[in-house]
Structures are given as structure tokens and as C-alpha cells.
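Secondary and tertiary structure notes
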Amino acid sequence: MTDELLKWRSEFPILDKTVYLISHSLGAMPKGTYERMQAYAETCATRGVRAWAEGWCNMPVSVGDEVGRIIGAEPGSVVMHQNVSICQSLILSCFEPTPKRNKIVYSELNFPSVMYVYEAHARGGKLRIETVKSDDGITVPLERMLAAIDEETLLVPFSHVLFKSAFLQDAKAIIDRAHEVGAMVVLDAYQSAGTVPFNVKALNVDFATGGSVKWLCGGPGAGYLYIRPDLQLTLEPKTTGWMAHEDPFAFDTDLRYASNATRFLHGSPAIPALYAAQSGYRIINEIGIEQIRKKSVRQTTRLIELAEEAGFTVTSPKDAARRGGTITVMHEHAAAMATELINREFIVDFRPGAGVRISPHFYTKDEELELVIEEMKSIRDTRAYAKHEAAGAAF
Ligand SMILES: Cc1ncc(COP(=O)(O)O)c(C=O)c1O
């Protein structure tokens with residue numbers, strides 16, 4: 001069987017030097033990023049301040065449209081920010097909790113940075129958080145999640161795919177339940193966009209946010225925020241700035257919110273990061289998410305078989321329909337094993353409670369799946385992990 005997607009390997013320099021299985025953390029950088037960074041420097045050097053009017057000002061939206069194609073958003077409904085944490089703060093700043101609607105619902109397996117945002121606001125006393133427990137540290141029971149969402153719920157910020165275990169939550173069920181009781185949903189698509197197909201319009205989600213570092217192969221500093229089109233004219237974010245003004249260059253002393261998604265911007269955008277991220281989006285859009293997912297399901301399923309045959313315990317979900325692009329392999333010495341794997345140019349990582357995280361992406365060869373499990377077996381059997389025993393997660 002020929003794997004058409006392997007033709008993309010030559011676009012990713014790091015694949016020549018390592019077995020790169022860490023797209024859940026930092027996706028391989030495309031060669032095109034060198035050109036994009038050069039294009040940024042060239043524009044800055046030759047056009048100077050005129051670059052703002054010649055495209056930079058519009059980049060949070062024009063680059064947002066490229067992400068929008070990946071997540072099924074209408075043009076003009078995604079704006080670029082630095083990261084997910086700021087997007088969550090910005091969304092929360094649109095709302096005023098009342099005694100009757102003041103609850104935030106999320107699972108204890110949410111990405112910690114997202115929880116920090118809501119917890120910090122809750123310390124003010126107007127918001128309260130209901131944390132949905134997981135029984136196994138890997139999955140979140142859907143029924144428990146749905147039951148926590150009630151008439152007092154303001155927002156449900158949840159991870160589509162959990163960062164630690166790759167458990168894929170039932171986004172539609174959660175969104176429908178929230179809407180039934182008048183709550184809104186923030187979908188954190190960081191671990192799904194670029195590897196799991198979904199469509200923000202079909203889901204009818206209120207907000208979606210994520211970043212480009214992982215499956216989108218776009219590097220840091222290019223977070224995105226989708227706002228459902230009908231909300232773009234009504235909400236007024238308090239985390240704001242001059243780029244959210246209807247006419248930023250009027251330098252008006254009063255804020256008049258833009259009548260489109262740019263009202264969800266704040267200050268000057270991180271232009272170099274937006275240039276850098278485009279090479280990844282273009283490749284993902286050219287391949288198409290359905291193709292990426294098909295290969296991902298095949299390769300993660302194969303990895304589970306190989307890991308189990310080798311006597312390891314797989315902690316990520318076995319059912320592909322409930323799993324993102326990662327598998328996690330537990331072993332008593334998993335943290336130290338991950339460090340030794342990295343020393344041997346097998347780039348993976350470790351998360352407490354889940355184990356070694358391994359993520360093939362569209363550029364992964366089937367033989368690399370065999371190689372990584374063989375290497376893990378050898379590290380286990382020769383106790384080569386022992387010298388790293390004190391190690392925790394390196395990144
Ligand atoms: C689900 C999820 N959300 C958010 C983040 C990162 O948030 P930020 O963009 O604020 O760094 C990660 C990174 O691992 C993640 O996996």
C-alpha cells in the first residue's frame with residue numbers, strides 16, 4: 001500500500017533527523033516557514049510603517065480565514081490572538097455573572113491554563129466553578145458533564161480532545177445541552193483542529209479557540225478565536241483595545257466596537273507569528289482533515305496493537321471514535337523512558353497519569369511506529385531508563 005501523504009515529508013526538515021512523534025505538543029515546522037519569516041522581514045525592511053495599511057492590519061482576519069477553512073468557519077468569523085489563555089479571558093470578559101447565572105462548568109481534565117483563567121475570575125466572588133470529576137483520569141463521563149450543565153450555567157469551556165489522554169469528548173451533546181438551558185460553550189479545539197474533523201457551524205458552537213503550535217504545524221504565538229457570527233454584533237468584550245474599535249486609526253477617546261469579529265481583538269497583533277503560521281495551515285488545508293484523520297486512526301490503532309503486543313499498558317481510549325491523534329503508553333518508569341527516547345532522537349513526551357504520549361501525524365511512516373515501540377521495549381528490557389529516574393516531564 002502506498003501512502004500518498006508521505007510525499008509531504010520532504011517539507012519538514014526535522015523528519016530527516018528524528019523520529020518525530022510529538023505533534024500533540026509541537027508539530028514539525030514546514031520548510032515554508034523559513035520563506036514566510038523572510039517575507040515578514042523583507043516587508044518590514046522595505047515597506048516599513050506602510051505595511052500596516054498594505055495588509056498587516058487585516059492579518060488577524062485574513063490569517064483567521066485560513067484557520068477558518070480547517071474548522072468550518074465562515075470567512076470573517078475567526079480572529080487571531082496570541083494563545084488560548086488570552087482568548088478564554090477575552091470571552092469571559094463579554095459576560096456579567098448574575099446571581100441566577102454564574103456557573104462555569106468544566107472537567108478536572110481541562111487544560112490547566114484554561115482553568116487558571118476561570119479560577120482567577122471566580123476569586124472575585126461573582127462566578128462559581130463546578131468541576132466534573134473523572135473516574136479514571138483518562139475520560140470524562142458524558143452523563144456527568146451533561147448533568148452539571150443547568151439553568152445557572154453561564155459558560156462551558158471544554159477541551160474537545162483532552163491534552164493528557166486524547167479522549168475525544170462528545171462536543172455536539174455538550175453544546176446541545178448547554179443551549180437547551182441557555183448557557184454558552186467555548187470549545188477548546190487545540191488538540192482536535194488539524195487532526196480530528198469538525199465543523200463549528202454544524203456544531204453550532206458559540207466560541208472556539210485553539211493555537212497553531214501542535215497539529216497545525218504553525219508554531220507559537222498564533223492562537224485563534226472563532227465567534228459565532230450572530231454574537232459578533234452583540235457582545236462587548238471588556239478585555240479590549242484599539243484594534244477592537246470600528247475605526248482604530250480615528251484614535252477616538254471613546255471605544256466604539258467594530259461591527260464585525262475585529263471587536264474581539266485588543267492591541268497590536270503579533271504579525272511575525274501570523275506569517276510563520278501560514279505555511280502549516282496551507283499544507284493542512286491542501287491535504288484536508290478527512291485524509292489526515294483516516295491515516296491517524298489507522299496509525300494510532302496500529303500503535304495500540306504494537307504497544308500491547310510488547311507488554312505495555314495503553315491508557316488512551318481504545319475506541320478510535322473517542323480518541324484524538326495521540327496514544328498514551330503507561331509503564332512504571334514512563335517519565336524516565338520518555339527522557340531516554342528523546343536522547344535517542346525519538347521525540348515524544350510524558351504526562352503524569354497518562355504515560356508516554358506518542359502522536360503520528362500525516363508525515364509519519366508506518367515503520368516509525370514499529371521503531372518507537374521496539375525502542376521502548378529495548379529501553380525497558382535493558383533498564384536504560386534508570387539513569388533518568390529522577391526526571392519528570394521535560395516539556
Ligand atoms: C487543550 C489545550 N488547550 C490549551 C493549550 C495551551 O494554551 P495556550 O495557547 O494558552 O498556551 C494546550 C497546550 O497544550 C492544550 O493542549
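Scroll up to find the structure this text is about.
Our subject in this report is the structure included herewith. Because the structure is a prediction, the values reported are computed rather than measured.

Okay, the site of the ligand next. The ligand sits among Asn83, Val84, Ser85, Phe111, Ser159, Phe163, Asp188, Tyr190, Gln191 and Lys214. The separation between an oxygen atom of the ligand and a polar side-chain atom of Ser85 is 2.5 Å. Residue Gln191 places a side-chain N or O atom 3.0 Å away from an oxygen atom belonging to the ligand. For the ligand, the protein covers 84% of the area, taking 400 Å² as the surface of the free molecule. In this structure the site holding the ligand corresponds to the largest pocket.

The next thing to look at is the packing of aromatic side chains. Considering all chains together, one arrives at 12 aromatic pairs under this definition. Each ring, one from Phe12 and one from Tyr363, has its centre 4.9 Å from the other, and the planes form 55 degrees; the classification is tilted. Of this pair, Phe12 sits in the segment before strand 1 (19-20) while Tyr363 sits in the loop between strand 13 (355-358) and helix 12 (366-381), and the two are 351 residues apart along the sequence. Each member of the pair Phe12 and Tyr363 is classed as buried.

For the rest of this paragraph, the subject is the sheet that holds strand 8 (residues 223-227). Sheet architecture is open: 7 strands sit in the order 2-8-7-6-5-3-4, paired in mixed fashion. Every other strand in the sheet has two partners, leaving strand 2 (78-81) and strand 4 (128-132) as the edge strands with one partner each. Looking at each pair of strands side by side, their axes are set apart by 20 degrees on average, direction ignored. In the packing of helix 4 (residues 84-92) onto the sheet, the strands contacted are strand 2, strand 3 (103-107), strand 5 (153-159), strand 6 (184-188), strand 7 (207-210) and strand 8, and the crossing angle to strand 7 comes to about 160 degrees.

Moving on: the sheet that holds strand 13. Sheet strands pair via backbone hydrogen bonds, and the direction of the pair is either parallel or antiparallel. The antiparallel open sheet is built from 4 strands, whose spatial order is 9-10-13-12. Where the open sheet ends on each side, the last strands, each with one partner, are strand 9 (313-314) and strand 12 (349-351). Bridge count for strand 9 against strand 10 (residues 327-330) is 2 bridges, and the pairing is antiparallel. Paired with Val314 across the bridge in strand 10 is Val329.

Of all hydrophobic cores here, the largest spans 62 residues; its most connected members are Phe12, Ile71, Val156, Val205, Tyr224, Tyr281 and Phe362. With 8 residues, the top contributor of residues to this core is helix 9 (residues 271-287). Val156 has contacts with Val105, Met145, Ile149, Ile174, Ala178, Met184, Val185 and Val186, leaving out every residue within four places of it along the chain. Core analysis: the second largest hydrophobic core is formed by 32 residues, Ile91, Val114, Val186 and Leu231 among them.

What follows is about helix 9. Taking 1.5 Å of rise per residue, the 17 residues of helix 9 would be expected to cover 24 Å, and the 26 Å separating its terminal C-alpha atoms lies within 8% of that figure. For helix 9, the principal kink sits at Gln278 and spans about 30 degrees. With respect to burial, helix 9 is a largely interior element, 14 of its 17 residues being buried. One or two residues past the end of helix 9 sits Gly288, with phi positive at roughly 95 degrees.

We now examine helix 1 (residues 32-47). Helix length check: helix 1, at 16 residues, gives a terminal C-alpha distance of 22 Å against a target of 22 Å (1.5 Å per residue), a fit within 8%. Among the residues of helix 1, those classed as buried are Gly32, Thr33 and Arg36. Along the long axis of helix 1, the arc covered by the buried residues comes to 105 degrees, so they all point the same way. Projecting away from the buried face of helix 1 at angles above 90 degrees are the exposed residues Tyr34, Glu35, Gln38 and Ala45. Following helix 1 by one or two positions, Gly48 has its phi on the positive side, about 55 degrees.

Quick notes on the rules
Residues numbered from 1 in each chain as written. Predicted model: local features only at pLDDT ≥ 70, side-chain atom pairs only at ≥ 80, totals over all residues. Heavy atoms only, no water. Near = heavy atom within 4 Å. Polar contact = N/O pair within 3.5 Å; in protein donor to acceptor, adjacent residues only side chain to side chain. Areas by Shrake-Rupley, 256 points an atom, 1.4 Å probe, with all protein chains shown as cover. 1 Å grid on protein atoms, 1.4 Å probe; cavity = no way out; pocket = protein on both sides within 12 Å on 5 of 7 lines; lining within 4 Å. Sits in = over half its atoms within 2 Å of the grid points. Phe/Tyr/Trp six-rings, centres within 6.5 Å; stacked < 30°, edge-to-face > 60°. Helix = DSSP H or I, 4+ residues; strand = E, 2+ residues; numbered from the N terminus. Buried < 20%, exposed > 50% of the residue type's maximum accessible area, 1.4 Å probe, protein only. Pairing = 2+ DSSP bridges. Axes fitted to C-alpha atoms, helices over the stretch in contact; angles between N-to-C directions. Contact = heavy atoms within 4.5 Å. Core = buried A, V, L, I, M, F, W, Y, C linked by side-chain atoms within 4.5 Å. Expected span 1.5 Å × (residues − 1). Bend = angle between axes of the 7 residues up to and from the residue. Arc of directions from axis to C-beta.

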